[in-house]
Every structure is written in structure tokens, then in C-alpha cells.
Amino acid sequence: MTRSSEATIHPKGAAIGSVGGRVFAFSIAVLVVGCLFWTAQEKPLPALPWAAAFLFLAVEQDVRQLRIPNWLTFPSLLLAIVLAAVTAGWAGAGAAAAGAGLAFALLFVPFACRWVGAGDVKAAMVLGALWGTELFLPICWWMVVMGGVLAIALVAIRGGLVDLASRWFRSLQLTVLTRRPTYCAPAATSAAGGGLPFAVAMGMGAVAYQIWGMPWF
């Protein structure tokens, strides 16, 4: 999760620690994992049950707390590498480590720009270890697409589209004038300032990949 993303997914009136908030987070996690299994009928991703179990916990935590905790990501990453070693030996462990490394490399710049949080990067490394470098690259592309769609939809629901458009126009204007990439972050109290649980985009990105595959081939 990143608190500088375009929106928060929490429903109005459902506090993070409330029963309603927990039910909402659980429901979103069930929906994401249900879509993941439903779209896996013809072309399932490798280690799908493990990935689905991890995504269920990651989505539930991120929607409810706007963070993916270390107690989930670190053991899951270790388990993913061990699983690869058990099934394919040292070559499998190396491939899993390479997938995790690719995930880190792809999300390093977004993390440095505070578009995603540290928990998001570590969660992506878990999925990279489970799916490998060849699959994670196109899946990551879909994750970014789904993250953008989700962010815009949530901002629209909360009535922040005008602010969103004006900030992005100002960012583009400053980028052209200064010849440096510039991003005008939303105010903390705005519709876009509450953060985006990126774990949801991760899960839906995997769903999109299972449906459409690699869009550039």
C-alpha cells in the first residue's frame, strides 16, 4: 500500500478496526481470490494455490490496515523459495530468487517516488518468486494498469476527479517547464490522499493476465 496513491478503498463510515471494516476487507479478499480461481480454468498460473492464499491475506490486511505486514511477506518469500527448491532443486530456488529480484527492480522506482509502499514491494517479491521472471513481467504490467483503474474509480466515487485532473495537468505543466519529472501529490485531506491498497491491484493484475495474457504479443 502507499498513502500517496490516488484513493483509499475503505467504504465511508467503516472504521479500519470496526466489525464492518473487517467484513468489508474479508469480502474484498474473497472476491479477488474467487476471480483468480475462476479465470484460471484454461491457463492457471504456476503455484496458484500458494499465490491465492498469500493474496487473500495480503488483500485483507491491505484493505483493512493500508499496509502489508512483515509477518506475512518475509515468511511467505522464504516459503516460496523453499517450495521452488523442493520441486525443482537449486535451479528452481535460483529461478524463484530471480523472480523476486525482478519484482524488486520493477517496483523500486515507484517505491522511491512513494507511489507504492515497502509492503507492496515485498508482496510483489513473493509473487515474483512464485511465478518467475518470464511471467512476472507481463503480470506486473497488468498490476500497474489495474492499480490505475482502481485509483481513478475510487477517486470518482469520492468526488475527486476535478482535483485529480487539475493536479495531473499541473504536474505535466511543471514537467515541461522544468524539464524534470514532476508530480503534484494530493493533499492528505483530499479524496485522493487516503492511500490505495495495491494488493487488490496485484490480485486483479493476475486475473487480467489469466484472461488476456501478454498484450504486446
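Provided above is the structure to which this section pertains.
Reading the values: the criteria
Residues numbered from 1 in each chain as written. Predicted model: local features only at pLDDT ≥ 70, side-chain atom pairs only at ≥ 80, totals over all residues. Heavy atoms only, no water. Helix = DSSP H or I, 4+ residues; strand = E, 2+ residues; numbered from the N terminus. Contact = heavy atoms within 4.5 Å. Core = buried A, V, L, I, M, F, W, Y, C linked by side-chain atoms within 4.5 Å. Buried < 20%, exposed > 50% of the residue type's maximum accessible area, 1.4 Å probe, protein only. Expected span 1.5 Å × (residues − 1). Bend = angle between axes of the 7 residues up to and from the residue.

Visitor: What exactly am I supposed to notice about the overall build of the protein here?
Guide: Scanning the protein from N- to C-terminus turns up six helices and zero strands. Helices and strands in the protein line up, N terminus first, as α-α-α-α-α-α. The contacts of the protein with a sequence gap of at least 6 include a subset with a gap of at least 24, amounting to 74%.

Visitor: How should I be thinking about the nonpolar core in this particular structure?
Guide: As a rule of thumb, nonpolar side chains are buried together in soluble globular proteins. Of all hydrophobic cores here, the largest spans 54 residues; its most connected members are Leu 45, Val 59, Leu 127, Trp 131, Phe 136, Met 143 and Met 202. Those elements that place two or more of their residues in this core are α1 (19-38), α2 (48-65), α3 (70-112), α4 (118-157) and α6 (198-212). Here this core takes 18 residues from α4, the largest share from any one element. Once residues lying within four places of it in the same chain are set aside, the contact partners of Leu 127 are Ala 51, Phe 54, Leu 55, Phe 136, Met 143 and Met 202.

Visitor: Can you help me understand α4 in this one?
Guide: At 3.6 residues per turn, the α-helix brings residues three or four places apart onto the same side. Between its first and last C-alpha atoms α4 spans 27 Å; for 40 residues at 1.5 Å apiece the expected length is 58 Å, and the helix comes up short by more than 12%. When the local axis directions of α4 are compared, the greatest deviation, roughly 125°, occurs at Gly 132.

Visitor: Can you help me understand the side chain of Thr 39 in this one?
Guide: Along the chain, Thr 39 falls in the loop between α1 and α2. Here Thr 39 falls in the buried class, since its relative accessible area comes to 11%.

Visitor: What should I look at first to understand α6 in this one?
Guide: In a regular helix each residue adds 1.5 Å, so 15 residues correspond to 21 Å; α6 covers 21 Å between its end C-alpha atoms and thus fits that length. Within α6, twelve of the 15 residues are buried, which leaves it mostly tucked inside the rest of the structure. For α6, the complete set of buried residues consists of Phe 198, Ala 199, Val 200, Ala 201, Met 202, Gly 203, Gly 205, Ala 206, Val 207, Ala 208, Tyr 209 and Gln 210. Buried residues along α6 sit against α1, α2 and α4. Trailing α6 by a residue or two, Gly 213 shows a phi angle of about 70°, which is positive.

By themselves, these observations are geometric and do not establish any function.
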